[in-house]
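The chain contents come next:
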Amino acid sequence: MDSFGFIIHPLYIRDLFRVNKILRICPPRFLKKFLKYIPPYKISTIKINSSKKEILRGYFIGCPLLPQQILDLDKDSVLGKIILAVRIAEKLGVKIVGLGGFTSIVGNKGLLIAKNTRVPVTSGNTYTAYSVLKAIFDIAKQREKKDLSQATAAIIGAGGSIGSLCAKKLAYYVPRIILTSRRREKLEVLKKEISHFNSTNVIIEKDSHRAVKEADIVIVTTSTPEAILTGDEFKKGAIVCDVSLPENVCLEKGTERHIFFLKGGIIRIPFDVDLGIDIGLPKNMVFACIAETMLLALEKRFECFSLGDNIDVGKLDEVAEMSTRYGFEVVY
Ligand SMILES: NC(=O)c1ccc[n+]([C@@H]2O[C@H](COP(=O)([O-])OP(=O)(O)OC[C@H]3O[C@@H](n4cnc5c(N)ncnc54)[C@H](OP(=O)(O)O)[C@@H]3O)[C@@H](O)[C@H]2O)c1
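To keep things clear, this report deals only with the structure shown in the data block. (Residues numbered from 1 in each chain as written. Predicted model: local features only at pLDDT ≥ 70, side-chain atom pairs only at ≥ 80, totals over all residues.)

**Some points on the nonpolar core**
Alright, step 1. With 96 residues, the main nonpolar core has Ile7, Val97, Cys166, Ala167 and Val218 as its most contacted residues.
Alright, step 2. Residue-level mapping places this core at the junction of two domains, with at least three residues from each of domain 1 (3–122 + 266–330) and domain 2 (129–263).
Alright, step 3. Beyond its immediate sequence surroundings of up to four residues, Cys166 is in contact with Ala129, Val132, Leu133, Ile155 and Ile219. (Core = buried A, V, L, I, M, F, W, Y, C linked by C-beta atoms within 7 Å. Buried ≥ 20, exposed ≤ 12 C-beta atoms within 10 Å, placed from the backbone. Domains from an automatic or database assignment. Contact = placed C-beta atoms within 7 Å.)

Okay, here's the thing in structure tokens:
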């Protein structure tokens, strides 16, 4: 049977306790310091059954580093650790490896990892972008007042892998799109690319607080591992999707009446999925990056599918087709 690997890392210190309860006795500050010295290791075996028959197997490989450590520590040692994690999966005989969380953000969005390993790797970002767009389109349709042809969309983190993919696709549907990241250069390139195919009015705005004030649709997908926006900053009635892990939007009381908020990138799998660990989601639900790796393994498409900053927009249709065929469902 074919199998896949998936590299995970803790988003918060408390995630470590879900995998190993005994760690609760350690002071968090000590754990944080100690983490970088722990080598990658196999965390669990993933079993996927359909009608009680195993159809796919996977392995979670842990890369013990927090998001901020992945961004801040010496690049070579971080990349070395991720490559080691992929090699553990290779040794288990997997045919494809998904790079979870921040392990796909460093190393030129997975490209450097792919260069240094034999097995194909994918970031899962195409299916993640697809899941965000699908949820937004469905919700806009359900709420008749949200006419996309009149809407302004804002993408916070537009220069990135998921953000740019969402921007390129949304530009076909909305007349005005605001692109936000801290650095301007990538946004200029993206604006040119979008303007080549569309007449959409593309605006570059450095200040994410200003960008969200006037947007009817907001996608938040940055690599900052903390909250950068609060619920009360959005336009009344806006559809807001925060796909960032850790979350970038801090919701306070009352926000649920003010906006339509959804946590993006969550998929329901139509099979019996035993992940072997608690990832903090209900049974048979996984993050879209894991779901993309599963889809590719089920399809026997053992290739580097989503890598780099500039994923081809046509890949969205490919994952949409696979997702529908296998009955994977976007949760919102
Ligand atoms: N739910 C899921 O299944 C799933 C799957 C994959 C990824 N994710 C999450 O999605 C997020 C984005 O992933 P990605 O691969 O697209 O990352 P990426 O390619 O690194 O893109 C992140 C973008 O955010 C921008 N950015 C960073 N901090 C910012 C800030 N404070 N304000 C505005 N823009 C900011 C970056 O550009 P500048 O540096 O120029 O600002 C960059 O363009 C991550 O949080 C990741 O964990 C979720």
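**Describing unusual backbone geometry**
Alright, step 1. With an omega of -5°, the peptide bond between Leu245 and Pro246 qualifies as cis.
Alright, step 2. Its location among the elements puts Pro246 in the loop between strand 11 (239–242) and strand 12 (249–250).
Alright, step 3. At Asn108, a position not held by glycine, the phi torsion is positive, near 55°.
Alright, step 4. With respect to the helices, strands and loops of the structure, Asn108 is situated in helix 5 (residues 106–109).
Alright, step 5. Taking the number of C-beta atoms within 10 Å as the measure of exposure, Asn108 has 14 and is therefore partly exposed. (Helix = DSSP H or I, 4+ residues; strand = E, 2+ residues; numbered from the N terminus.)

**Topic: the environment of Leu11**
Alright, step 1. Mapped onto the secondary structure, Leu11 falls in the loop between strand 1 (3–8) and helix 1 (14–19).
Alright, step 2. We classify Leu11 as partly exposed; it has 17 C-beta atoms within 10 Å.
Alright, step 3. Expressed as a C-alpha distance, the spacing of Leu11 and Gln68, which sit 57 residues apart in the sequence, is 9.0 Å.
Alright, step 4. If sequence neighbours within four positions are ignored, Leu11 has contacts with Pro67, Gly101, Leu245 and Pro246.

**Focus on the sheet that holds strand 5 (residues 121–122)**
Alright, step 1. On the basis of which strands lie adjacent, the open sheet formed by 6 strands has the order 5-4-1-3-2-15 and mixed pairing. Each edge of the open sheet carries a strand with a single partner, namely strand 5 and strand 15 (272–274).
Alright, step 2. As paired strands, strand 1 and strand 3 (residues 53–62) are joined by 6 bridges and run parallel to one another. Among the inter-strand pairings, Ser3 is bridged to a residue of strand 3, identified as Arg57.
Alright, step 3. Running over the sheet, helix 12 (residues 288–298) touches strand 1, strand 3, strand 4 (96–99) and strand 5 and is turned about 165° from strand 4. (Pairing = 2+ DSSP bridges. Axes fitted to C-alpha atoms, helices over the stretch in contact; angles between N-to-C directions.)

**Here we look at helix 13 (residues 314–326)**
Alright, step 1. The first and last C-alpha atoms of helix 13 sit 19 Å apart over 13 residues, in line with the 18 Å expected at 1.5 Å per residue.
Alright, step 2. Residues of helix 13 that are buried: Leu316, Val319 and Ser323. Buried residues of helix 13, seen end-on, are gathered within an arc of 70° and therefore sit on one face of the element. Along helix 13, exposed side chains directed more than 90 degrees from the buried face belong to Gly314, Asp317, Glu321, Thr324 and Arg325.
Alright, step 3. In this structure, the buried residues of helix 13 make contact with helix 7 (125–142), helix 8 (161–170) and helix 12.
Alright, step 4. Taken from the residues just after helix 13, Gly327 is the one with a positive phi, measuring 75°. (Expected span 1.5 Å × (residues − 1). Arc of directions from axis to C-beta.)

**So, the sheet that holds strand 13 (residues 260–263)**
Alright, step 1. One open sheet holds the 6 strands; their spatial order is 8-7-6-9-11-13, and the pairing between them is parallel. Looking at strand neighbours, the two that pair on one side only are strand 8 (201–204) and strand 13, the edges of this open sheet. Recorded for the sheet is a direction-independent mean angle of 15° between the axes of neighbouring strands.
Alright, step 2. Here helix 7 sits on the sheet and contacts strand 9 (217–220), strand 11 and strand 13; the angle it forms with strand 11, its principal contact strand, is near 160°.
Alright, step 3. Across the sheet, helix 8 is in contact with strand 6 (152–156), strand 7 (176–180) and strand 9; its angle to strand 6 comes to roughly 165°.

**Looking at the packing of helix 7 against helix 13**
Alright, step 1. Interhelical geometry of helix 7 versus helix 13 gives an angle of 80° and a closest axis separation of 9 Å. Of the possible angle classes, the one that applies to helix 7 and helix 13 is roughly perpendicular. Touching Thr126, Tyr127, Ala129 and Tyr130 of helix 7 are Lys315, Leu316, Val319 and Ala320, all from helix 13.
Alright, step 2. Split by residue class, the contact of helix 7 with helix 13 holds 6 nonpolar, 1 polar and 1 charged. (Parallel < 35°, antiparallel > 145°, perpendicular 65-115°, else oblique. Nonpolar A, V, L, I, M, F, W, Y, C, P; charged D, E, K, R; others polar.)

**What to know about the pairing of strand 11**
Alright, step 1. Burial along strand 11 is two-sided: the face carrying Ile239 and Cys241 and the face carrying Val240 and Asp242 are both buried.
Alright, step 2. Here 4 bridges tie strand 11 to strand 13, and the two strands are oriented parallel to one another. Note on strand 13: the bridge partner recorded for Ile239 is Phe260.

**Looking at the packing of helix 7 against helix 12**
Alright, step 1. Running from N to C, helix 7 and helix 12 cross one another at 120°; their axes reach a closest spacing of 7 Å. Relative to helix 12, the element helix 7 is oriented oblique. Considering how the two elements wind past one another, helix 7 and helix 12 form a crossing that is right-handed. Every residue of helix 12 that contacts helix 7 at Thr126, Tyr127, Thr128 and Ser131 is listed here: Ala288, Cys289, Ala291, Glu292 and Leu295.
Alright, step 2. Across the contact of helix 7 with helix 12, the residue classes break down as 5 nonpolar, 3 polar and 1 charged. (Left-handed = near helix turned anticlockwise from the far one by under 90°.)

**Thoughts on the site of the ligand**
Alright, step 1. Neighbouring the ligand are 32 residues, the closest being Gly157, Gly159, Gly160, Arg182 and Gly265.
Alright, step 2. Mapped by element, the contributors of at least two residues to the shell around the ligand are helix 7, helix 8 and helix 12.
Alright, step 3. Among the elements that take part in the shell around the ligand, helix 8 stands out by supplying 3 residues, more than any other.
Alright, step 4. Class assignment of the residues belonging to the shell around the ligand gives a composition of 10 nonpolar, 19 polar and 3 charged. (Near = placed C-beta within 6 Å.)

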